[in-house]
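The lines below spell out each chain.
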Amino acid sequence: MALEVGSRLGVFEVTGRLGEGGMGVVYRATDTTLNRDVALKVLPDAFANDPERLARFEREAKVLASLNHPNIAQIHGLEQSGDTRALVLELVEGPTLQDRIAKGPIPLDEALPIARQIAEALEAAHEQGIIHRDLKPANVKVKDDGTVKVLDFGLAKALGPELSDLDAANSPTMTMTAAATKMGVIMGTAAYMSPEQAAGKQVDRRADIWAFGVVLWEMLTGCPLFTGETLSHVLASVLKTDPDWAALPSTTPTPVRRLLRRSLDRNPRERLQHVGDARVEIREALTAPATDEVVRPAIPPAVGWRRALPWAAAFVTGAALAAMAIGAFLGNTSTPRPTPRRFAVVVPSGVGYVLNTLSARLSPDGSRFVYATEGGLHLRNLEELEATPIPDSEGGRDPFFSPDGARLGFLTATQLKVVALSGGAPRTVANLSGGLAPTWTAAGRIIFGRFGSSPLWEMSSEGGAAEPLTVLGEGEVDHDYPQLLPGDEWLLFNVLPDGSAWGDAQIVVQSLTTGERKLLVDGGMFPRFVPTGHIVFARSGGLLAVPFDLATVEVTGTPISVVDNVQQNWGGGAEFSVANDGTLAYVPGGALSGSLVWVNRQGQETPIEAEPREYQTLRLSPDGSRVLTSFEGADRNLDLHLFHLERETFERLTFHPGVDLQGVWSEDGRRVFFSSAREIGGIFSRAADGTGEVVTVRTADGPSSWNVDPSSISPDGASLLVSELRPETGRDVLLISLEEPGASTSLLDTVASETSPQLSPDGRWLAYGSDESGQMEIYVRPFPDVEGGREKISTAGGRAPVWSPDGRELFYRSGDAMLATPISVEPTLRPGTPRILFQGRYRLGTPSRRLYDVAPDGERFLMVKPVSAGDDVASVSQFVVVLDWFSELQARVPTGR
């Protein structure tokens, strides 16, 4: 259906026509809700009355919408009005690469930066399993500032092969099927198809690599690589004609020539296997002399991270050997330091990465990478493209490698487990609730912290009882994030002083022989010693490094920033890991800053004018006018704040020098109840208008703000439901009386962890999360008689349940999806089938502290969209891996050796 200028499609007003092709007509439009210009790609009429095609297309479009990269034009959503359906796309101004090539060959210094950005876009998509299938100059735009945007990612698959009956003459993009034999589908533009694509065979990412080579060739020469009088002649040229290498400019550097030859190999098995290697070759070409004709063999991906130093295996054998190692690394000034190389490891859409201390960890030799997801641990060999799930690791977190990298330990809510990476099932080493950030020593000991007010503990990696390793000193409330230094004499860890926020934590070392303690850094988290003679740690959403003398056990300089925008989790730990070979891996995104947004059931966002914060929890007031949240203020204290949605202003509600965290509203919205570390820790309340004093509701057993998390209020306002962390049974659900001070009842206290208890609006049903199945799932029980049986609501993992205002639905999060399950309660509880409402990279929170809420009308969800200082959006969807990072570290922070 054609659209006229001035007509509307939903909230979009058409302002002009941009073009037309086999995939549809494209219009410029204005989003009248968000006041921004977009592109509308109106889908062909063949879709109008075909529900199967539409369903398939919508599934593909959701995957494509998950792509979030500065060089990829985004899909904002789908819009429908009557029989007209359109993709809402990012509007990218500027000429296409085809327009630029039409003016003649592109100079090398202009062409290579364009090619590098195209390669980075392809790399990001391939990491999520998305293939472009139709890469060509017409699908690449170059903005005035030089930024490249690749358009129409994956649409050849999303729109075909169903479009085979359309008139392909309307576009150079050709789509047809081998109907007689059903051997395959040809989708794409003939001149840029790979040989296997042109032959109708199954394609993978290597088809995009071929097209990338063809586009680069055309940029450098100004001429198409494959031509012909008809489409058949073009396809024949693709299948048989070899490139005329002499046509390349004589100044083309060797790395670029090598890249073209590897990209344009007709045998997919011999072709360049990963487009990230193209980016590396381009970087070499940008730094190499233009006349360099020395042909060097390409470095396989594995070489960079296996550049093992002779001392790596003996890293933990003693201080003397460690000092020799550092000298060997730093002393050879005749050999140029290697240039660091960066690439992204993308978590596939829907996997649901779990943001937690050490959820991403490199093996000691830098060859492997493990991370925690909603469904369990995933292990990736950096030589390979795909991560492999570790069997029976559901609910696993805080993974850590043995010193030889042959085994992997991890925690669940109630156990410590170890698995051999050569194969086999994980075995339980110990029953352990509330463990935190373990480390495995060369002597076969495991050292770890614990949630709450706790010293450090140690135990054998073979099992047995855990014993305290440190003692909390006067004014200290926690010891965490241990690392045993080379020589096995000194322990590096964090100390949290009483009444302090995580930003004020101290980095110390302590002798395991004499107990001597030395303060190294005042104000830093998650310290790691690295073989260059540095301690790397986190502060304010970035990494800093300070020179450290292992012989004197002293810092010898001033901390200097080395990496910006590194995720820090709710407990202050930082999501980074450093291997002995100099490989660094981290989760980008700063200190978990996020923006408040409304998201409707269709996944459409409406931003809220509130400054991004490191929100810890979110709760809407009963009338939906205010948001109760907790974040760190300018004084670095974690306090409760109210955000007034109508006035769009914040109001600070508590003023305690420490930690005030999870809060819930009273049923009438006049008071709030919250957890706090004040006094000896516990639950407190205050009037929501900020008047009156803070009232103690229940005290905890120690100065901990996370031992107990208030979750919901009974409809009569008489009771508060909380989840409390206990050493023996993990998190349990308690009912605390608000009418009888100190009175409480244990509702659920199994060996599993039960979190986020939520009472239905009529007070008859209790929804909660439990990891009794091995991963967190959602259950419902009758209330107050919780022994009356239960129903499992989620089907593939879930957390943070919230009832709809009418009690007929139960919402919950699973990975990056928001799900809804219809609930019928007459004559008894009958849950329906969960369905996904929307998916997106919104902050997940922890199992006991949710970071979303439901509006009183049940139609909108208050979410936190991750942001960072340097990017519009920073999602927990990828890890950055830096090879040979030690050379960069030493250059930025010299040790003086």
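Residues numbered from 1 in each chain as written. Predicted model: local features only at pLDDT ≥ 70, side-chain atom pairs only at ≥ 80, totals over all residues. Heavy atoms only, no water.

S.K.: Any chance you could explain the sheet that holds strand 25 (residues 490-497) here in plain terms?
M.R.: Where strands meet in a sheet, backbone hydrogen bonds hold them as pairs that are either parallel or antiparallel. One open sheet accounts for four strands, arranged 24-25-26-27; its pairing is antiparallel. With partners counted over all chains shown, the strands left at the sheet margins are strand 24 (476-484) and strand 27 (517-522), one partner each. Across the sheet, the axes of successive neighbouring strands diverge by a mean angle of 30 degrees, strand direction being ignored. Where strand 25 meets strand 26 (residues 506-511), six bridges bridge the pair, whose relative direction is antiparallel. Counted as the bridge partner of V495 is Q506 from strand 26. (Pairing = 2+ DSSP bridges. Helix = DSSP H or I, 4+ residues; strand = E, 2+ residues; numbered from the N terminus. Axes fitted to C-alpha atoms, helices over the stretch in contact; angles between N-to-C directions.)

S.K.: Got a minute to help me understand the packing of helix 6 (residues 205-221) against helix 8 (residues 254-263) in this structure?
M.R.: When two helices pack together, their arrangement is given by the angle between the helix axes and the distance between those axes. Packing of helix 6 against helix 8 leaves a shortest axis separation of 8 Å and a crossing angle of 135 degrees. Taken together, helix 6 and helix 8 sit at an angle that is classed as oblique. Helix 8 is crossed by helix 6, and the crossing has left-handed handedness. Contacts from I209, W210, F212, G213, L216, W217 and L220 in helix 6 reach V256, L259, L260 and S263 in helix 8. Partitioning the contact of helix 6 with helix 8 into residue classes produces nine nonpolar, two polar and no charged. (Parallel < 35°, antiparallel > 145°, perpendicular 65-115°, else oblique. Left-handed = near helix turned anticlockwise from the far one by under 90°. Contact = heavy atoms within 4.5 Å. Nonpolar A, V, L, I, M, F, W, Y, C, P; charged D, E, K, R; others polar.)

S.K.: What is the right way to read the nonpolar core from this model?
M.R.: In this structure, L97, I118, L135, F153, F212, L216 and M219 are the most contacted members of the largest nonpolar core, which totals 52 residues. At the level of secondary structure, the elements contributing two or more residues to this core comprise helix 2 (97-101), helix 3 (108-127), strand 7 (140-142), strand 8 (148-150), helix 6, helix 7 (231-240), helix 8 and helix 9 (275-287). Once residues lying within four places of it in the same chain are set aside, the contact partners of M219 are L97, I101, P105, I106, A111, I114 and A115. If you look at the next biggest cluster of nonpolar residues, it comprises 28 residues, including A437, A505, V536 and L725. (Core = buried A, V, L, I, M, F, W, Y, C linked by side-chain atoms within 4.5 Å. Buried < 20%, exposed > 50% of the residue type's maximum accessible area, 1.4 Å probe, protein only.)

S.K.: Just to check I follow, could you spell out unusual backbone geometry for this structure?
M.R.: Most peptide bonds adopt trans geometry, and most residues besides glycine take a negative phi value. Of the consecutive residues F783 and P784, the connecting peptide bond is found in the cis state with omega at 10 degrees. A positive phi angle, close to 55 degrees, is found at Y481, a residue other than glycine. Mapped onto the fold, Y481 is located in strand 24. Backbone geometry places E648, a non-glycine residue, at a positive phi of 55 degrees. Within the secondary structure, E648 is located in the loop between strand 39 (638-644) and strand 40 (649-652).

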